[in-house]
Amino acid sequence: MFSKMNISIKRMPGLCGRSDTEKSAMNRILEKLSEIGIVPVIKIDDANDAAPLAHALSDGGIPAAEVTFRTSCASSAIIAMREACPDMIVGAGTVVTVAQADEAIAAGAQFIVSPGFDPAVVRYCISRSMPVLPGCVTPTEIMAAMNIGLDVVKFFPASDFGGVKTIKALSAPFGQMKFVPTGGVNENNLEEYLSQSSVLFVGGSYMATGAMISSHDWQSVASKSRAAADVVARVRG
Ligand code: 3PG
């Protein structure tokens, strides 16, 4: 049974210079994402779609989004989503350079996600008191993340790297590590991922696909989000 996560970024060497207030602000974002349980991974082509998308996700009970830097309007979309729904937690995804991390933070991103582990990107985020989730799928990558001070990583692409079975195997040696599986998370396996005590929350695009966004199908976004929120409540409630 899922028990409330104990998220601590306290042992981060990179956080030694951070005040308690800064550390707890970082933890609070991860705690809120853990409570929401699932973070929609967004690829948005038109920043004008950001505000209605934010409303649809929030109306569906998922007040969170990871806006990927796969399109040129990512930072404008982050600004628009935060303006439209100030209570929503909006982060940046597919952040692969320090420059992108900087741009995302300037736009108001509240967390940073990267597909892989890059020490420069991670250190930069830590120096800016920004929660950062680098993609780690091997023991070596996880150890690199631990040794820089992280205790939460993205597990990506989750289904291609063995899904829940691999997360369970990794949790044996890395019992303190929490995972955010993303990539292949869908309605059929959401419950299984959320049931793992080592899973902090999951990420996925299925509640707000590119097709739904470009066709302004906000009703589908809200209803898929509502169904996901119901699973979170049932599994973790
Ligand atoms: C990601 O960027 O994290 C993934 O591409 C999302 O994967 P999904 O489209 O399989 O949910």
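Above this text sits the structure in question.
A word on the overall build of the protein chain. Across its full length, the protein chain carries 10 helices and 8 strands. Expected size for 237 residues packed as a compact globule is a radius of gyration near 18 Å; at 16 Å, the protein chain falls within 12% of this value. If one aligns the C-alpha atoms of the protein chain with their principal axes, the spans along those axes are about 45 × 35 × 30 Å. Within the protein chain, contacts between residues separated by at least 24 positions form 62% of all contacts whose residues are at least 6 apart in sequence.

On to the pairing of strand E7 (residues 178-181). Every second residue of E7 is oriented toward a common face, with Lys178 and Val180 on one face and Phe179 and Pro181 on the other, all of them buried. The pairing of strand E6 (residues 152-155) with E7 spans 4 bridges and is parallel. Bridge assignment links phenylalanine 155 to a residue of E7, and that residue is proline 181. Running through helix H7 (residues 163-171), the crossover from E6 to the neighbouring parallel element E7 is right-handed.

Remark: helix H2 (residues 50-59) packs on helix H10 (residues 218-236), axes separated minimally by 7 Å, with the N-to-C direction vectors making an angle of 30 degrees. Remark: the crossing between H2 and H10 carries right-handed chirality. Contact residues: Pro52, Leu53, Ala56, Leu57 and Asp59 in H2; Trp218, Val221, Ala222, Ser225 and Arg226 in H10.

Let us now look at the site of the ligand. Surrounding the ligand, one finds Val41, Arg70, Lys154, Phe156, Thr182, Gly183, Gly184, Gly204 and Ser205. Between the ligand and the protein, one listed contact pairs an oxygen atom with a side-chain N or O atom of lysine 154 at 2.9 Å. A distance of 2.5 Å is found between an oxygen atom of the ligand and a side-chain nitrogen or oxygen belonging to serine 205. Burial of the ligand by the protein chains amounts to 79% of its free accessible area of 320 Å². Considering only residue class, the shell around the ligand consists of 2 nonpolar, 5 polar and 2 charged.

Moving on, we come to helix H3 (residues 74-84). For H3, the set of buried residues is Ala74, Ser75, Ala77, Ile78, Ala80 and Met81. If you follow the buried residues of H3, they end up packed against H2, strand E2 (64-68), strand E3 (89-93) and helix H4 (98-107).

Here we take up the side chain of glutamine 100. Here glutamine 100 is to be found in helix H4. Setting aside its immediate chain neighbours within four residues, glutamine 100 contacts Phe69, Thr94 and Val95.

Locating threonine 71 in the fold gives a position in the loop between E2 and H3. A distance of 2.5 Å separates the side chain of threonine 71 from the backbone oxygen of isoleucine 44, its partner in a polar contact. Non-local contacts of threonine 71, meaning those with residues more than four positions away in its chain, are made with Lys43, Ile44 and Asp45.

Basis of the calculations
Residues numbered from 1 in each chain as written. Predicted model: local features only at pLDDT ≥ 70, side-chain atom pairs only at ≥ 80, totals over all residues. Heavy atoms only, no water. Helix = DSSP H or I, 4+ residues; strand = E, 2+ residues; numbered from the N terminus. Rg over C-alpha atoms; globule rule 2.2 N^0.38 Å. Contact = heavy atoms within 4.5 Å. Buried < 20%, exposed > 50% of the residue type's maximum accessible area, 1.4 Å probe, protein only. Pairing = 2+ DSSP bridges. Right-handed = clockwise from strand over helix to strand, strands pointing away. Axes fitted to C-alpha atoms, helices over the stretch in contact; angles between N-to-C directions. Left-handed = near helix turned anticlockwise from the far one by under 90°. Near = heavy atom within 4 Å. Polar contact = N/O pair within 3.5 Å; in protein donor to acceptor, adjacent residues only side chain to side chain. Areas by Shrake-Rupley, 256 points an atom, 1.4 Å probe, with all protein chains shown as cover. Nonpolar A, V, L, I, M, F, W, Y, C, P; charged D, E, K, R; others polar.

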